[in-house]
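# Fold and geometry: a report
The primary structure of each chain is shown beneath.
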Amino acid sequence: MKTLLHPAYIPNIRTFAVLTQNEVEWEVEDNFQKQTYRNRAYICADRGKLMLNIPIQHVGKNQGRQKYKDIRIDHSENWQRQHWRTLQTAYRTSPFFEYYEDEIATLYEKVPEFLLDFNLKSIAIICDCLQITMPTNKSSSYKVQPENMLDLRSLVDAKKKYEHALTSYSQVFGDRHGFIENMSCFDLLFNEGTNALSYLKKVDVNT
């Protein structure tokens with residue numbers, strides 16, 4: 001079914017499950033909102049759930065709301081180096097990190113200008129790792145209630161709660177923290193490798 005999604009930063013497992021099971025259109029005409037996966041992602045590290053945050057350039061309040069596609073990334077600090085080093089530290093002992101390492105490292109080599117473009121690139125890289133086609137359809141206007149498609153834009157809300165839990169899989173630090181669900185799809189890739197796509201196709205995307 002045709003489904004409307006926000007392009008998030010290295011999206012979580014539920015979002016990628018929707019992508020693998022549906023025809024996706026990307027919402028690119030909305031306003032930027034805080035407290036979402038637009039500029040943050042979560043991974044499993046030695047101390048548990050850890051957030052990776054992309055700093056953005058803030059505009060003055062007199063300029064009003066900004067469109068998501070106009071949000072520029074703040075490069076005053078080397079966040080890309082920090083994110084990549086954090087991923088290496090968290091997952092270098094995982095079964096499949098070396099298998100995907102070179103391809104994912106390219107995400108952090110060039111300095112991106114716009115957050116939306118960078119997020120789409122992160123999704124494209126994960127699609128390559130999963131060996132699936134990257135969705136390219138984008139919205140042409142913002143609609144509060146889209147017609148003839150499933151609206152799952154709420155998946156970008158970092159505070160959204162879900163009724164049913166995801167099936168567990170082995171995580172690097174699972175012996176310390178137990179299973180931590182719905183992390184960035186990187187977590188699934190590094191731990192499950194070629195089984196990741198099968199896992200995503202079995203996720204109940206209606207929960």
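Look up a bit, the structure's there.
In what follows, the accompanying structure is described. Please read these numbers as outputs of a predicted model, since none were measured by experiment. (Residues numbered from 1 in each chain as written. Predicted model: local features only at pLDDT ≥ 70, side-chain atom pairs only at ≥ 80, totals over all residues. Heavy atoms only, no water.)

### A short note on the overall build of the protein chain
When helices and strands are tallied, the protein chain shows 7 helices and 5 strands. Written out in order from the N terminus, the α and β elements of the protein chain read β-α-β-β-β-α-α-α-β-α-α-α. The globule rule puts the C-alpha radius of gyration for 207 residues at 17 Å, and the 17 Å found for the protein chain is close to it. Dimensions along the principal axes, computed over C-alpha positions, put the protein chain at roughly 50 × 40 × 30 Å. When the 207 residues of the protein chain are sorted by exposure, 51% land in the buried category. In the protein chain, the share of contacts with a sequence separation of at least 24, taken over all contacts with a separation of at least 6, comes to 70%. For the protein chain, the computed accessible surface area is about 11100 Å², with 43% contributed by carbon and sulfur atoms. Each charge class in the protein chain was averaged separately, 26 positive and 26 negative side chains, and the resulting centres sit 5 Å apart. (Helix = DSSP H or I, 4+ residues; strand = E, 2+ residues; numbered from the N terminus. Rg over C-alpha atoms; globule rule 2.2 N^0.38 Å. Buried < 20%, exposed > 50% of the residue type's maximum accessible area, 1.4 Å probe, protein only. Contact = heavy atoms within 4.5 Å. Areas by Shrake-Rupley, 256 points an atom, 1.4 Å probe, with all protein chains shown as cover. Lys, Arg positive; Asp, Glu negative; His and termini not counted. Charge placed at Lys NZ, Arg CZ, Asp CG, Glu CD.)

### Notes on the packing of aromatic side chains
Per the stated rule, a full pass over the model turns up 13 aromatic pairs. Between the aromatic rings of Tyr9 and Phe118, the centroid separation amounts to 5.8 Å while the plane-to-plane angle is 35 degrees, which identifies the pairing as tilted. Residue Tyr9 is located in the loop between β1 (2–5) and α1 (13–21), and its partner Phe118 is located in helix α4 (residues 115–130); the two are separated by 109 residues in the primary sequence. Through successive ring pairs, a cluster of aromatic residues spans Tyr9, Trp79, Trp84, Tyr91, Phe97, Tyr108, Phe118, Phe186 and Phe190. (Phe/Tyr/Trp six-rings, centres within 6.5 Å; stacked < 30°, edge-to-face > 60°.)

### What about helix α2 (residues 79–91)?
Over its 13 residues, α2 extends 18 Å from the first C-alpha to the last, a length consistent with the 18 Å expected when each residue adds 1.5 Å. Within the span of α2, buried status applies to Trp79, Gln80, His83, Trp84, Thr86, Leu87, Ala90 and Tyr91. When α2 is viewed along its axis, its buried side chains cluster within an angular range of 160 degrees and face the same direction. For α2, the elements touching its buried residues are β3 (40–45), β4 (48–53), α3 (97–105), α4 and α6 (185–192). (Expected span 1.5 Å × (residues − 1). Arc of directions from axis to C-beta.)

### Considering the pattern of salt bridges
Taken as a whole and assessed by the stated rule, the structure comprises 8 salt bridges. For the salt bridge of Glu25 with Lys2, the shortest nitrogen-to-oxygen distance reads 3.3 Å. You can see Glu25 sitting in strand β2 (residues 23–26) and its partner Lys2 sitting in strand β1, a full 23 residues away along the chain. Since its relative accessible area comes to 12%, Glu25 is described here as buried. You can call Lys2 partly exposed: its relative accessible area is 30%. Put simply, Arg153 and Glu27 hold a salt bridge, and the shortest N to O gap is 2.8 Å. In this pair, Arg153 sits in the loop between β5 (150–151) and α5 (174–177) while Glu27 sits in the loop between β2 and β3, placing the two residues 126 residues apart along the sequence. Classification of Glu27 as buried rests on a relative accessible area of 1%. Connected via shared salt-bridge partners are Glu27, Asp151 and Arg153. (Salt bridge = Lys/Arg side-chain N within 4 Å of Asp/Glu carboxyl O.)

### So, the packing of α3 against α4
Relative orientation of the contacting elements α3 and α4 amounts to 150 degrees, with a least axis distance of 10 Å. Relative to α4, the element α3 lies roughly antiparallel. In terms of crossing hand, the pair formed by α3 and α4 is right-handed. Between α3 and α4, the contacting residues are Tyr100, Glu103 and Ile104 on the first element and Ile125, Asp128 and Cys129 on the second. Class assignment for the residues of the contact of α3 with α4 results in 4 nonpolar, no polar and 2 charged. (Axes fitted to C-alpha atoms, helices over the stretch in contact; angles between N-to-C directions. Parallel < 35°, antiparallel > 145°, perpendicular 65-115°, else oblique. Left-handed = near helix turned anticlockwise from the far one by under 90°. Nonpolar A, V, L, I, M, F, W, Y, C, P; charged D, E, K, R; others polar.)

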